[in-house]
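Spelled out, the chains give:
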Amino acid sequence: MPRRQKSRKFVGYSRVSTRYQANENLSLVGQQDAISSYATSAGQGLHGINEDIQSASGDPLKRPGLRDALNTAEMLKCPILVTSVDRLSRNVAIHKILVSRGIGVWVVGEGRITRRELKKRLLVAQNWVLARSSQAITDHARRTAAARKKSVPDLPDARRRG
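Remember, it's a predicted structure, so these values are computed and weren't measured experimentally.

Student: What am I meant to see in the pattern of salt bridges here?
Tutor: A side chain with one charge may pair with a side chain of the opposite charge, provided their charged atoms come close. One pass over the full model with this rule turns up six salt bridges. When the shortest N-O distance is used, the salt bridge between R90 and D86 registers 3.0 Å. Overall, D86 belongs to the partly exposed group, its relative accessible area being 24%. The salt bridge partner of K120 is E117, with a shortest N-O separation of 3.6 Å. Remark: E117 and K120 occur in helix α6 (residues 115-151); sequence separation between them is three residues, near one turn of the helix. Salt bridges sharing common partners tie together E110, E117, K120 and R121.

Student: Quick question: what am I supposed to make of the packing of helix α3 (residues 64-76) against helix α5 (residues 93-101) here?
Tutor: The description of two packed helices rests on the angle between their axes and on the distance between the axes. Packing of α3 against α5 brings their axes to within 10 Å, and their N-to-C directions diverge by 25 degrees. As the angle between them shows, α3 and α5 are arranged roughly parallel. As for how α3 packs across α5, the hand of that crossing is right-handed. Contact with α3, carried on its side by L66, L70, N71 and E74, involves I94, I97, L98 and R101 of α5 and no other residues of that element. Looking at the contact of α3 with α5, its residues break down into five nonpolar, one polar and two charged.

Student: I'm lost on helix α2 (residues 28-41) in this one. Help?
Tutor: The α-helix winds at 3.6 residues per turn, so residues separated by three or four positions along the chain end up facing the same way. For α2, with 14 residues, the first-to-last C-alpha span of 20 Å sits near the 20 Å given by 1.5 Å per residue. Along α2, the positions that sit buried rather than exposed are L28, Q31, Q32, I35, Y38 and A39. Summarising the axial view, the buried residues of α2 lie within an arc of 130 degrees, below the 170-degree limit, and thus occupy one face. Seen from the open side of α2, the exposed residues pointing more than 90 degrees away from its buried face are V29, T40 and S41.

Student: Help me out: how do you make sense of the confidence of the model for the protein in this one?
Tutor: When pLDDT is low, close inspection of the predicted coordinates is not appropriate. Model confidence for the protein is summarised by a mean pLDDT of 81, while 70% of its residues fall at 70 or above. Between the elements of the protein, mean pLDDT differs from a low of 52, seen in helix α7 (residues 157-161), to a high of 97, seen in strand β3 (residues 80-82). Segment residues 1-5 is flagged for pLDDT under 50; beyond a separation of four residues in sequence, or across chains, it makes zero contacts in the model.

Student: Looking at this model, I keep getting lost on the sheet that holds strand β5 (residues 111-113). Mind explaining?
Tutor: Sheet strands line up and pair through hydrogen bonds in the backbone, either parallel or antiparallel. Reading across from one edge, β2-β1-β3-β4-β5 is the order of the five strands in this open sheet, with mixed pairing throughout. Two strands lie at the open edges of the sheet, namely β2 (45-53) and β5, each paired on one side alone. Across the sheet, the mean angle separating the axes of adjacent strands is 35 degrees when strand polarity is ignored. Sitting on the sheet, α2 is in contact with β1 (9-16), β2, β3, β4 (105-107) and β5, with an inclination near 160 degrees to β2.

Student: I'm lost on the nonpolar core in this one. Help?
Tutor: Soluble globular proteins: nonpolar side chains tend toward being buried together. Counting 20 residues, the largest nonpolar core has L70, I80, L88 and L98 as its most contacted members. When residues of this core are traced back to their parent elements, those giving at least two are β1, α3, β3, α4 (85-88), α5, β4 and α6. Among the elements that make up this core, the one with the highest residue count is α3 (four residues). Ignoring anything within four residues of it in the chain, the contact list for I80 reads V11, Y13, A69, L70, A73, L88, L98, I103, G104, V105 and W106. Ranked by size, the runner-up nonpolar core spans six residues in total, among them F10, I35, Y38 and A39.

Each value, and the rule that gives it
- Residues numbered from 1 in each chain as written.
- Predicted model: local features only at pLDDT ≥ 70, side-chain atom pairs only at ≥ 80, totals over all residues.
- Heavy atoms only, no water.
- Salt bridge = Lys/Arg side-chain N within 4 Å of Asp/Glu carboxyl O.
- Buried < 20%, exposed > 50% of the residue type's maximum accessible area, 1.4 Å probe, protein only.
- Helix = DSSP H or I, 4+ residues; strand = E, 2+ residues; numbered from the N terminus.
- Axes fitted to C-alpha atoms, helices over the stretch in contact; angles between N-to-C directions.
- Parallel < 35°, antiparallel > 145°, perpendicular 65-115°, else oblique.
- Left-handed = near helix turned anticlockwise from the far one by under 90°.
- Contact = heavy atoms within 4.5 Å.
- Nonpolar A, V, L, I, M, F, W, Y, C, P; charged D, E, K, R; others polar.
- Expected span 1.5 Å × (residues − 1).
- Arc of directions from axis to C-beta.
- pLDDT = per-residue confidence, 0-100.
- Pairing = 2+ DSSP bridges.
- Core = buried A, V, L, I, M, F, W, Y, C linked by side-chain atoms within 4.5 Å.

Shown next, in the form of structure tokens:
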């Protein structure tokens, strides 16, 4: 008698960084539709979809939706399904959390992501955030320096000649 294949269920997770994104085409609803469609087309079920409207670069456990998704996935021993790795996090610290809890990650349209691939993608996302932050600091410093130059009054010609 053939063994019956165990049905896999997912815990869905969607995230946007800002309320603006939540209302635009990067919406939570769009991500959730993609997650539901993928799970259905793969013949799998969902234990719900958790969501956050919050940046992905900070401490992952400070996001209530992600915290709930992690707890559910660990308790039910099922993977988390996201539309892309950067929706999960842009902080490599989540990798250690997932590994220590034995939680796998699946991406819509790709399937299961190996631990090595997940870590690689998280590092790329984290480096992107750091580079973007560094560029923002440099741009701010340039604007500040330019503003200071404009605000320094010109000295009269006689004082300049010394």
